[in-house]
Amino acid sequence: MPLIVMCGYPCSGKTRRAEELKVCFEQNTDRKVHIVGDAALGVEKNTVYADSQKEKNVRASLKAEVERKVNKGDIVILDSLNYIKGYRYELFCLIKHAQTPQCLVYCLTSDEVSTTWNTNRDAAEQYTQEIFDALVLRFEAPDSRNRWDSPLFTILKDDTIPFEDISDALFKRKAPPPNQSTQSQPLSSSNFLYELDKITQEVLMAIFNAQKTSVPGDLVPVPGATEKIELTRSINMAELRKLRRQFISYTKMHPTENSGHISNMFVQYLNKSLH
């Protein structure tokens, strides 16, 4: 039966919410509920998330376990970061093939709150600050306009979980048809927003990685841009994220017809803003 995909920053309450959902469904239905997640695989988070290949292998293992668990009678909850849009799309395709509904539960917290929750964990359960910051920077927030992120339930840290709404979305909604075509969208609509989000994220990651070995005055190359970032000083991630949000808000109002220009536009914006 249905799949519930948890999503959110590290230490945003995903596991607690997954357990709450499990209890609710077990108390209110006669269905079995399976939680699939990093904990069941014995993932050592600071090792896995520091190595892209290891992380890719873990995602593949989680997806395979979801595929094994999904059937006509049970509910599966995927309790992991699920922060990559492409991976959420793969899960959507899996569920579409199985002809069963899914929904996304987004545990929305600020990075400050999640940092505090991480610090309050037992030392063995904590993310290192470097890994935590990198995961927050790489996080691709869900968007209900994307069919693979819909229906989307966003839950703040003090919210009561909307069990009835989630239940209705899973049991009173038709599964996506198995042969639904994936037509390309006009650049000015959802595809443009996807490219805008993806490209600006890549630029931020390039700056983040470059600062480990660069010194003020260096010129930093970024993916897809002919211009370079002028590193006149050290830039923390909170400032980078804020500038990225501002640029995205402006660019949504003034979209370019060519996504190939986004990288250079963002580099120009950052160079102006950081001087």
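- The name recorded for the protein chain in an unreviewed UniProt entry is Protein KTI12 homolog, from Pagothenia borchgrevinki.

## Focus: the pairing of strand 1 (residues 3-8)
Line of reasoning, step 1. Most of strand 1 is tucked away: six of the six residues are buried.
Line of reasoning, step 2. Relative to strand 3 (residues 75-79), strand 1 runs parallel, the two being bridged by three bridges. The partner of Val5 across the bridge, within strand 3, is Leu78.
Line of reasoning, step 3. Across six bridges, the pairing between strand 1 and strand 4 (residues 102-107) is parallel. Its bridge partner lying in strand 4, Ile4 is registered against Cys103.

## Quick word on the sheet that holds strand 3
Line of reasoning, step 1. On the basis of which strands lie adjacent, the open sheet formed by five strands has the order 2-3-1-4-5 and parallel pairing. Both outer strands of the open sheet, strand 2 (33-37) and strand 5 (152-155), are each paired with one neighbouring strand and no more. Taken pair by pair, the neighbouring strands of this sheet meet at an average axis angle of 20°, ignoring direction.
Line of reasoning, step 2. By the bridge criterion, four bridges tie strand 4 to strand 5 in an arrangement that is parallel. Counterpart to Val105 in the pairing with strand 5 is Phe153.
Line of reasoning, step 3. Docked against the sheet, helix 8 (residues 163-171) engages strand 1, strand 3, strand 4 and strand 5, running at close to 150° with respect to strand 4.

## Observations concerning the layout of surface pockets
Line of reasoning, step 1. Its volume calculated, the largest pocket comes out at about 810 Å³.
Line of reasoning, step 2. Considering the residues around the largest pocket, the lining is formed by 31 residues, among which Ala141, Asp197, Arg244, Arg245 and Ile248 are closest to the centre.
Line of reasoning, step 3. Put simply, the parts of the chain that give the lining of the largest pocket at least two residues each are helix 6 (111-119), helix 7 (129-138), helix 9 (190-210) and helix 10 (237-253).
Line of reasoning, step 4. In terms of residue class, the lining of the largest pocket is made up of 14 nonpolar, six polar and eleven charged.
Line of reasoning, step 5. When its volume is computed, the second largest pocket comes out at roughly 520 Å³.
Line of reasoning, step 6. Along the wall of the second largest pocket there are 23 residues; nearest its centre are Thr15, Asp38, Lys45, Asp79 and Arg121.
Line of reasoning, step 7. Only helix 1 (14-28), strand 2 and helix 2 (38-41) provide two or more residues apiece to the lining of the second largest pocket.
Line of reasoning, step 8. Of the residues forming the lining of the second largest pocket, the biggest block, four residues, is contributed by helix 1.
Line of reasoning, step 9. Among the residues forming the lining of the second largest pocket, the class breakdown is nine nonpolar, six polar and eight charged.

Criteria and cut-off values
- Residues numbered from 1 in each chain as written.
- Predicted model: local features only at pLDDT ≥ 70, side-chain atom pairs only at ≥ 80, totals over all residues.
- Heavy atoms only, no water.
- Buried < 20%, exposed > 50% of the residue type's maximum accessible area, 1.4 Å probe, protein only.
- Helix = DSSP H or I, 4+ residues; strand = E, 2+ residues; numbered from the N terminus.
- Pairing = 2+ DSSP bridges.
- Axes fitted to C-alpha atoms, helices over the stretch in contact; angles between N-to-C directions.
- Contact = heavy atoms within 4.5 Å.
- 1 Å grid on protein atoms, 1.4 Å probe; cavity = no way out; pocket = protein on both sides within 12 Å on 5 of 7 lines; lining within 4 Å.
- Points joined across faces, edges and corners; volume = space filled by probe spheres on them.
- Nonpolar A, V, L, I, M, F, W, Y, C, P; charged D, E, K, R; others polar.

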